[in-house]
Amino acid sequence: MIRVAQILGKMNGGGAEQVVMNYYRAIDREQVQFDFYLFKGSKYVPVEEIKAMGGRLFVLPTLKHPVKYLKTLRRLLSENGYRIMHCHLSTLSYLPLLAGKKAGVPVRILHNHSTSGGAREWLRNIAKFLFKPLARKHATELFACSEYASHWIYGSRATDTLAESSHPYAGRRRVRIMPNAIDTQKYRFSESSRKELRRELHIPESSFVIGHIGRFCPQKNQGFLLDIFREVLRQDKNAVLVMTGDGPDRELIEARAIAYGVASRVVFTGQRGDAEKLYSAFDCFVLPSNYEGLPVVGVEAQCSGLPCLFSNKVTPEVKLLGTSQLLPLGNPRDWACAVMCCRGLRDREAPDILVRKGYDIHNAAAQLAEFYLNTGKI
C-alpha cells in the first residue's frame, strides 16, 4: 500500500477539494491511501469521513507565512517518508513542491485546476504569472483537469505526442489530463429529489428554476448572473434563481439582488452537501465565470441532464451534452434568451453519455491508482 500526500489550500467547498474527495471515495484504499494537507482556517473539512476511510489530516500555516509553511511541510513530508505528493494549488504549488524536493519526495505532481482572469483579481493574476515557471521547475509530473488548463500553465505544446525519439522535445515531461470525474449514478436525475427540494425551498413545482452552485467570489461572476436573471424575469415573472455556496462576495450579491428588486425571486441556500438533489430541482444551470479550468459543478449538472450555459472563459471541454452552450460575457439579454430556450431540455440519458466520455469516477480512480502504484515504485 502506498500513501500519497494530497496538498490542498483551504477546504472551503471549492472544486479542487471536491475532485480529490471524489477520487478518494472511489479509489482502492487497500492499495492507495491519501493524507490531506490543508491550510489553517479551512471551514468545510469532512474530518470524520476521511478518518473513517483511513486518511490522515495535517493542518499547515497559510502562505501568508511562507517560511513557516515551507519548514512545517518539509518536516512532515520527511517524517512520513512519502514517495508521492500531489499538489493542487495551481502556480502556488511552487512552495509545497520545493518543500517536497528538499524532503526527498521522488514523485512530485503539479496539478492545475484553473486559469486566470477577471479585473478584480489583477494582483492574483500577476502572482500566478510569476510563479508559473517556479511551479513547473520543482515538479516531476504534470497534471491538468483539461487541455485548456494544461495550455494555460504548461504551454500549448505540452500535450503534443512525443512518440518519435528524434522529436526536438522528446524526453520532455508529458501532461496527464485527469478528468474531474464524478459518481455518475449519484447525480442521475431524481423526480423525488426534485419534489423534496422544491418543497424545502418553497418553490412551486410549476416554477422555472435557474440554478447556480459556486463560491461567491469574482471568479464566479455572480453579479452578471443577477443581470441575466433580471432580464429573465421580464419574460417570466415566476422564474426563480437558486444560488448555492458561500464566500466573500455573498453579502454583496445579496445586496445587489435587493437593489435590483429581485430578492423575492432569489433563493440563497448557503453551503450545502446535497448538490445532487439541487440539480434535480433545477431546470437550467448557469455558470458565467470569468475563468475556469474544468468546473466539476458543470460535470455534475450535466450528469443530471440539465441544459447548461457556461461563459466562453470556461474550457470548451466542459460541453458534454448537446444541450449545453458556451456564451461570451457580453449582453445579459442574450444570456436571458438562451436561458428561456432551456425549458424542457433535460436529457435523461446524460449519465450514460458521461460514462462513455470518461467521466465516471470508478474508472478514472482505477487509472489514477495504477499511475500512483507504477510511479511510486520508481
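One structure accompanies this document, and this report is about it. (Residues numbered from 1 in each chain as written. Predicted model: local features only at pLDDT ≥ 70, side-chain atom pairs only at ≥ 80, totals over all residues. Heavy atoms only, no water.)

The subject of this paragraph is the packing of aromatic side chains. Counted under the stated rule, the structure contains 14 aromatic pairs. Both rings, one in Y37 and one in F58, keep their centres 4.7 Å apart while their planes meet at 15°; by these two values the pair is stacked. Taken as a pair, Y37 in strand 2 (residues 32-39) and F58 in strand 3 (residues 56-60) lie far apart in primary sequence, 21 residues in all. Residue class for Y37 comes out buried when judged on its relative accessible area of 0%. Assessed through its relative accessible area of 16%, F58 is described here as buried. Pairing Y279 with F282 gives two aromatic rings, centres 6.3 Å apart and planes at 90°, and the pair type is edge-to-face. F282 shares its class with Y279; the two are buried. Between the NZ or CZ atom of R230 and the centre of the ring of Y260, over which it lies, the distance is 3.7 Å. For R343, the ring lying beneath its charged end belongs to F208, and the centroid distance is 4.4 Å. (Phe/Tyr/Trp six-rings, centres within 6.5 Å; stacked < 30°, edge-to-face > 60°. Helix = DSSP H or I, 4+ residues; strand = E, 2+ residues; numbered from the N terminus. Buried < 20%, exposed > 50% of the residue type's maximum accessible area, 1.4 Å probe, protein only. Lys NZ or Arg CZ within 6 Å of the ring centre and 35° of its normal.)

This part takes up the state of the cysteines. Taken as a whole and assessed by the stated rule, the structure comprises zero disulfides. Residue C342 stays outside any disulfide, its sulfur separated by 3.5 Å from that of C284, the closest cysteine. In this structure C342 comes out as buried when scored by relative accessible area, which is 2%. (Disulfide = S-S within 2.5 Å.)

Moving on to a positive patch on the surface. Taken together, K10, K43, K64 and R215 make up a surface patch of like positive charges. In this structure, K10 sits in the loop between strand 1 (2-7) and helix 1 (15-26). A relative accessible area of 39% places K10 in the partly exposed class. (Patch = residues over 30% accessible without salt bridge, like charges linked within 9 Å, V, L, I, M, F, W, Y side chains within 5 Å. Areas by Shrake-Rupley, 256 points an atom, 1.4 Å probe, with all protein chains shown as cover. Salt bridge = Lys/Arg side-chain N within 4 Å of Asp/Glu carboxyl O. Lys, Arg positive; Asp, Glu negative; His and termini not counted. Charge placed at Lys NZ, Arg CZ, Asp CG, Glu CD.)

Below, the discussion takes up the sheet that holds strand 12 (residues 308-311). Here we have six strands laid out as an open sheet, ordered 10-9-8-11-12-13, and parallel in their pairing. The outermost strands of the open sheet, each flanked by one partner alone, are strand 10 (266-270) and strand 13 (325-327). Ignoring which end each strand starts from, the neighbouring axes of this sheet average 25° apart. Bridge analysis of strand 8 (residues 209-213) against strand 9 (residues 240-244) gives five bridges, and the strand direction is parallel. Note that in strand 9 the partner of H212 across the bridge is M243. The sheet strands contacting helix 9 (residues 250-260) are strand 9 and strand 10, and the helix crosses strand 10 at an angle near 165°. (Pairing = 2+ DSSP bridges. Axes fitted to C-alpha atoms, helices over the stretch in contact; angles between N-to-C directions. Contact = heavy atoms within 4.5 Å.)

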